[in-house]
Amino acid sequence: MSTFLLPAYAQENAGPAPTTPAAPVVPGLSAGEKQNAFAPATPETAPAVASPQQRQSVQHVEPDSAPASTATLAPPPVGPVPVPAPAEVAPKPAQTVAAPDTPSAISAAPHKDEASPTAPANGQSVATVVPTGQPAPGPATTPAIQPAAPAAPEVKPAAPAEVTVPVQTPAPAVAAAPNSAPMNLAARLADFVAKRGPDAQAISDFYNLRGGAPLWIDNGVLTPTAKALVERMSHADEDGLDASAFRVAGLDSLATSDADARADAEIGLTSAILTYVRQAAAGRVDTKEISRDIAKASNMPDPLAALASVAIASDPVAVLDGYNPSSPQYLALKQKLAEVRAASAAAAQSTLPMVPAGPTLKVGMTDTRVAVLRTRLGLIASDADNDLYDEAVQNAVRDFQAGSNLKASGTLSPATVVALNAALRQPRVDTESEIIANMERWRWLPHDMGLTNVFVNVPEYKVWFTKDGVLSYEARVVVGKANTPTPIFSDTMSFVVVNPSWNVPQSIIKKEYLPKLAQDPGYLERRGYEVTYVGGQMQVRQPPGERNALGFIKFMFPNNFSVYLHDTPQRNLFSRDERAFSHGCVRVDNPYKFAELVMGADNGWTEDRVRSLQGGEEQRIDLKEKIPVHIAYFTAYVDGDGQLQRLDDVYGYDRKVISALGLRG
């Protein structure tokens, strides 16, 4: 089967590699690498002295010390990437003087927001270099500068005392800028941590590794990188997120705000970035609010590593965007969300009319309702033909009927009128909200689903097996009933059991068997069950055989829910359209073919060989290669023709997710 014909979410790893970017990488940093990445760096050579207004704290990462990748969530930096410095502009020719042998990168270079020394009245500005470990000089200790000094004195690498260098600059050298005072970052960070906000400690560590230097705000304005990140987060609704969750107070008034307000804005933007990463990567909903039978993957990276991935990237916006799922189906839903919103906006500007009830209309008939029908279907006619049910109207009605599962006769029947008017009413669930709910559930799956995997979509009652990126198997499945739902989670299949026995779960014994035994003490014995007691608790086992509830084979991926895929003696259930009949496990149609694929025909496990074991002793067979299993729940997907398909909400999860997200339902 071609990739084009697959359900869109089964195209995750099918066929050739998609044209979308590869799964991005989040760097994991050692302690030394973190300091190199975040701390303001010491220049390797002493450049010309800059005025206080020209000082930049420039950071860099050597190519051979790039952080190693430990996850696959955000786009990797490309090539040797400079770490974004507190200021995002290119350094001017004159820079801060620093002794080459200064051992501490954090303390060597003052940040632009630090207090500037007072400029001499003669128009010269003074740059002061203090070796590490010595206190910075106050204004009273600054040596006098001789106006006639012809050149700057040489800076000694190991100079034990401060060195002053006169620089000719136009007077006045220092203007009283509204934000020349240093940002009160350390004090505001302490207050932020004390309030125990989300990721507070990680944010504090981030700035400590930067030596307390800000990253997003420079001299009272946002850096270009910060502006780009703010702009990207303002469009978060395109990914089904809430853009208001990432708005930072005070960014529009930085030029006139005080030191505390600017520090709060700096911290707030860092917190907003981490919030975006968390929601984009792992979703917004606490799945425990939806069902105890849902376990989402741990997609959120270490907060400090997440900040590192943005801070050291050559394209921080691409890194931030890369925390969203990259599966083809997620991207298709994102595109469909944009289309639905555009259509809703257009519909809001033009209200379509309801078609009045009346007699059945065919080609050649004239009726005043035809004019309304033309407007409803977007047809244009001359005034003379506006009420005529002509071939153009017939063709448009036929197209509508075909898309609405009606007999495509082209005749305006009463059923067609009802369908036309129903299309204008509110759908069962708001389409936009339903798409967003399904995009949210894509964030619950592992971002790396594996080129070889088993994928079950519960509302569609189907399972797919993909091998090395190629779809190899598709089959119907029976899933759990509404009151015993199939859990939603990911795990790893590790072995297969042929001729399995069934140890009946205690939940089934208590809810089903004990009431039946109270009425019929021989109920279990007649059905071949073995009953024992351990510590006073009844244990029920069904031995292997044709009547065994698990059939002749089960596929094991040990998990906290105690569910698995298996055969079944009730094969008649696969012919039904709705197949929610189990106690939670997933029953697979054509299980021997499925066994051949997961066990490997190249390993000798052909369908015939597996079938030949039927009826023997219970036998466990370990898989040569473990296989990721994803049991998912999607009620909306985009098919190969680009059409949005919607499935029944078997367990009612859509409405719960929509409610948890605060969306219109």
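Residues numbered from 1 in each chain as written. Predicted model: local features only at pLDDT ≥ 70, side-chain atom pairs only at ≥ 80, totals over all residues. Heavy atoms only, no water.

**Topic: the overall build of the protein**
Note the cut-off: Helical segments are the DSSP runs of H or I of at least four residues, strand segments are the runs of E of at least two, and each set is numbered from the N terminus. Pairs of residues are marked as contacts when any of their non-hydrogen atoms sit within 4.5 Å. Each accessible area is a Shrake-Rupley result for a 1.4 Å probe, and residues are judged covered by the shown protein chains and nothing else.
Helix and strand counts for the protein come out as 18 helices and 20 strands. Considering only intrachain contacts with a sequence separation of at least 6, the fraction spanning at least 24 residues in the protein is 71%. Accessible surface, the protein: about 31400 Å² in total, of which carbon and sulfur atoms supply 53%.

**Digging into unusual backbone geometry**
For clarity, the threshold we go by: For every residue, the accessible area obtained with a 1.4 Å probe (protein chains only) is divided by the maximum for its type, and the residue is called buried under 20%, exposed over 50%, and partly exposed between those limits.
A positive phi angle is found at Asn499, which is not glycine, with a value near 55°. Tracing the sequence through the fold places Asn499 in the loop between β10 (489-498) and β11 (502-503). The phi angle at Ser562 is positive, at roughly 55°, despite the residue not being glycine. Ser562 gets classed as exposed once you look at its relative accessible area, which sits at 55%.

**Some thoughts on the pairing of strand β7 (residues 453-457)**
Going by this rule: For two strands to be treated as a pair, DSSP must find at least two bridges joining them.
The buried fraction of β7 is high, at five of five residues. Across the two faces of β7 the burial is the same, with Asn453, Phe455 and Asn457 and Val454 and Val456 all buried. Across four bridges, β7 lies against strand β18 (residues 619-632) in parallel orientation. Each bridged residue has a counterpart across the sheet, and for Val456 the counterpart in β18 is Ile631.

**Focus: the sheet that holds β11**
For clarity, the cut-off: Fitting a line to C-alpha atoms yields each axis, with helices limited to the stretch in contact; the angle taken between N-to-C directions then spans 0 to 180 degrees.
Judged by pairing direction, the sheet is antiparallel, and its three strands sit side by side in the order β11-β13-β12 without closing on themselves. Each having just a single partner strand, β11 and β12 (530-534) make up the two edges of the open sheet. Here β12 pairs with strand β13 (residues 537-542) via five bridges, running antiparallel. Across the sheet, Thr532 pairs through a bridge with Gln539, a residue of β13. Contacts from helix α14 (residues 506-519) reach β11 and β13, with the element oriented near 95° to β13.

**Re the nonpolar core**
Definition in use: What is meant by a nonpolar core is a set of buried Ala, Val, Leu, Ile, Met, Phe, Trp, Tyr and Cys residues, joined one to another through side-chain atoms within 4.5 Å.
Ranked by size, the top nonpolar core spans 79 residues in total, and within it Met493, Tyr513 and Phe594 carry the most contacts. When near neighbours in sequence (up to four residues on either side) are disregarded, Tyr513 contacts Trp502, Val504, Ile508, Tyr523, Leu524, Tyr529 and Val540. Among the nonpolar cores identified, the runner-up in size contains 43 residues, and Leu215, Leu251, Leu274 and Ala311 belong to it.

**Some points on the packing of aromatic side chains**
Aromatic ring pairs are described here by two measures, namely the spacing of the ring centres and the angle between the planes. The following threshold applies: By convention, a stacked pair of Phe, Tyr or Trp rings (six-membered ring in the case of Trp) has centres within 6.5 Å and planes under 30 degrees apart, an edge-to-face pair has planes over 60 apart, and any other such pair is tilted. In this analysis the charged atom, NZ for Lys or CZ for Arg, is taken to sit over a ring once it is within 6 Å of the ring centre and within 35 degrees of the ring normal.
Summed over the entire model, instances satisfying the criterion amount to 15 aromatic pairs. Taking 4.8 Å as the distance between ring centres and 75° as the angle between the ring planes, the aromatic pair formed by Phe555 and Phe594 counts as edge-to-face. Taken together, the residues span a long stretch of sequence, with Phe555 in strand β14 (residues 553-556) and Phe594 in helix α16 (residues 591-599) at a distance of 39 residues. With respect to burial, Phe555 and Phe594 carry one shared label: buried. Aromatic rings pair up to connect Trp442, Phe455, Trp464 and Phe634 into one cluster. Above the ring of Trp605, the side-chain terminus of Arg609 is found at 3.7 Å from the ring centroid.

**Details of the environment of Asn453**
Stated formally: Counting of polar contacts relies on pairs of N or O atoms within 3.5 Å, with two restrictions inside protein: one atom must be capable of donating a hydrogen and the other of accepting it, and residues adjacent in sequence are counted only when both atoms are side-chain atoms.
Relative to the assigned elements, Asn453 resides in strand β7. Its relative accessible area of 4% is what places Asn453 among the buried residues. Sequence-wise, Asn453 and Val629 are 176 residues apart; in three dimensions their C-alpha atoms are separated by 5.8 Å. Side-chain polar atoms of Asn453 contact the backbone oxygen of Gly450, separated by 2.8 Å.

**Considering a nonpolar patch on the surface**
As a reminder of what qualifies: Patch members must show over 30% relative accessible area and no salt bridge, and they are joined within 9 Å when carrying like charges or within 5 Å when they are nonpolar side chains of Val, Leu, Ile, Met, Phe, Trp or Tyr. Each reported salt bridge corresponds to a side-chain nitrogen of Lys or Arg within 4 Å of a carboxyl oxygen of Asp or Glu.
Together, Leu352, Met354 and Leu424 line one region of the surface with nonpolar side chains, adding up to about 230 Å² of accessible area. Topologically, Leu352 is positioned in the loop between α9 (328-349) and α10 (369-377). Residue classification places Leu352 among the partly exposed residues on the basis of a relative accessible area of 36%.

**Notes on the pattern of salt bridges**
Counted by the stated rule, this structure contains 20 salt bridges. Where Arg374 meets Asp390, a salt bridge forms, and the shortest distance between an N and an O atom there is 2.9 Å. Here Arg374 is found in helix α10, whereas its partner Asp390 is found in the loop between α10 and α11 (391-403), with 16 residues between them in sequence. Through salt bridges that share partners, Arg232, Asp239, Asp321 and Lys334 make up one connected network.

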